[in-house]
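# Observations on chain architecture
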Amino acid sequence: KDAGPMPWERRALRHISEAGLTPQNLPRLVENNPMVAIECLLRILTTPTSPSCHGNHIHANAEKKNEFLSALASMDMSIHSMEVVNRLATHSARGGRICGGGGKN
């Protein structure tokens, strides 16, 4: 049973949110700095679901995770977008847990 995000995970999500990352501007980050995009997405996707939301900060809920994944999936294909998808898939294949919505993890 998930107890929700740890304090350091909440801080990381807050920093990502304060930096202005949204599903709408994710494609721009992927194209301009794919390594940062990978780290941000891994943090968003692997943080356990938060039981509550506060303010405008990114929270690790299934809906928000799906919004980021949808933004990534709807991007035009490029070397950078393929690299981001590859790194996320590799993380998952190596035993990293991507906690998404819709289905069992």
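Residues numbered from 1 in each chain as written. Predicted model: local features only at pLDDT ≥ 70, side-chain atom pairs only at ≥ 80, totals over all residues. Heavy atoms only, no water.

### Topic: the overall build of the protein
When helices and strands are counted, the protein shows 5 helices and 0 strands. The order of α-helices and β-strands along the protein, N terminus first, is α-α-α-α-α. Expressed as a percentage of its 105 residues, the buried residues of the protein come to 35%. In the protein, of all internal contacts separated by at least 6 residues, the share reaching a separation of at least 24 is 69%. Put simply, the protein shows about 6,500 Å² of open surface, and 53% of that area lies on carbon and sulfur atoms. (Helix = DSSP H or I, 4+ residues; strand = E, 2+ residues; numbered from the N terminus. Buried < 20%, exposed > 50% of the residue type's maximum accessible area, 1.4 Å probe, protein only. Contact = heavy atoms within 4.5 Å. Areas by Shrake-Rupley, 256 points an atom, 1.4 Å probe, with all protein chains shown as cover.)

### Notes on the packing of helix α1 (residues 7–18) against helix α3 (residues 34–46)
For any two helices packed against each other, the geometry comes down to the angle between their axes and how far apart the axes lie. Look at α1 against α3: their axes get within 10 Å of each other, and the N-to-C directions meet at 130°. By the angle between their axes, α1 is oblique relative to α3. In the packing of α1 onto α3, the handedness of the crossing is left-handed. Contact residues: α1 offers Trp8, Glu9, Ala12, Leu13 and Ile16, while α3 offers Cys40, Arg43 and Ile44. In terms of residue class, the contact of α1 with α3 is made up of 6 nonpolar, no polar and 2 charged. (Axes fitted to C-alpha atoms, helices over the stretch in contact; angles between N-to-C directions. Parallel < 35°, antiparallel > 145°, perpendicular 65-115°, else oblique. Left-handed = near helix turned anticlockwise from the far one by under 90°. Nonpolar A, V, L, I, M, F, W, Y, C, P; charged D, E, K, R; others polar.)

### Some thoughts on the nonpolar core
Core analysis: the largest hydrophobic core is formed by 18 residues, its most contacted members being Leu21, Leu26, Val30, Leu41, Leu72, Val84 and Leu88. Every element with two or more residues in this core is listed here: α1, α2 (26–32), α3, α4 (62–73) and α5 (79–93). In terms of residue count, α3 provides more of this core than any other element does, 7 residues in total. In this structure Leu41 touches Leu26, Phe68, Leu72, Val84 and Leu88, once residues within four positions along its chain are discounted. (Core = buried A, V, L, I, M, F, W, Y, C linked by side-chain atoms within 4.5 Å.)

### Focus on a nonpolar patch on the surface
Among the surface-exposed residues, Met77, Ile79 and Met82 lie close enough to one another that they form a single nonpolar patch of about 370 Å² accessible area. Checked against the element boundaries, Ile79 lands in helix α5. When its relative accessible area of 63% is taken as the criterion, Ile79 is described as exposed. (Patch = residues over 30% accessible without salt bridge, like charges linked within 9 Å, V, L, I, M, F, W, Y side chains within 5 Å. Salt bridge = Lys/Arg side-chain N within 4 Å of Asp/Glu carboxyl O.)

### Considerations on the packing of α3 against α4
Between α3 and α4, the shortest axis-to-axis distance is 9 Å and the interhelical angle comes to 145°. Of the two possible hands of crossing, α3 and α4 adopt the one that is left-handed. Every residue of α4 that contacts α3 at Leu41, Ile44 and Leu45 is listed here: Lys65, Phe68, Leu69 and Leu72. Tallied by class, residues from the contact of α3 with α4 come to 6 nonpolar, no polar and 1 charged.

### Overview of α5
When the terminal C-alpha atoms of α5 are compared, their 21 Å separation across 15 residues agrees well with the 21 Å that a helix rising 1.5 Å per residue should span. Every buried residue of α5 is listed here: Ser81, Val84 and Leu88. Seen along its axis, α5 keeps its buried residues to an arc of 60°; they face one direction. In α5, those exposed residues whose orientation departs by more than 90 degrees from the buried face are Ile79 and Ala93. Packed against the buried residues of α5 are α2, α3 and α4. (Expected span 1.5 Å × (residues − 1). Arc of directions from axis to C-beta.)

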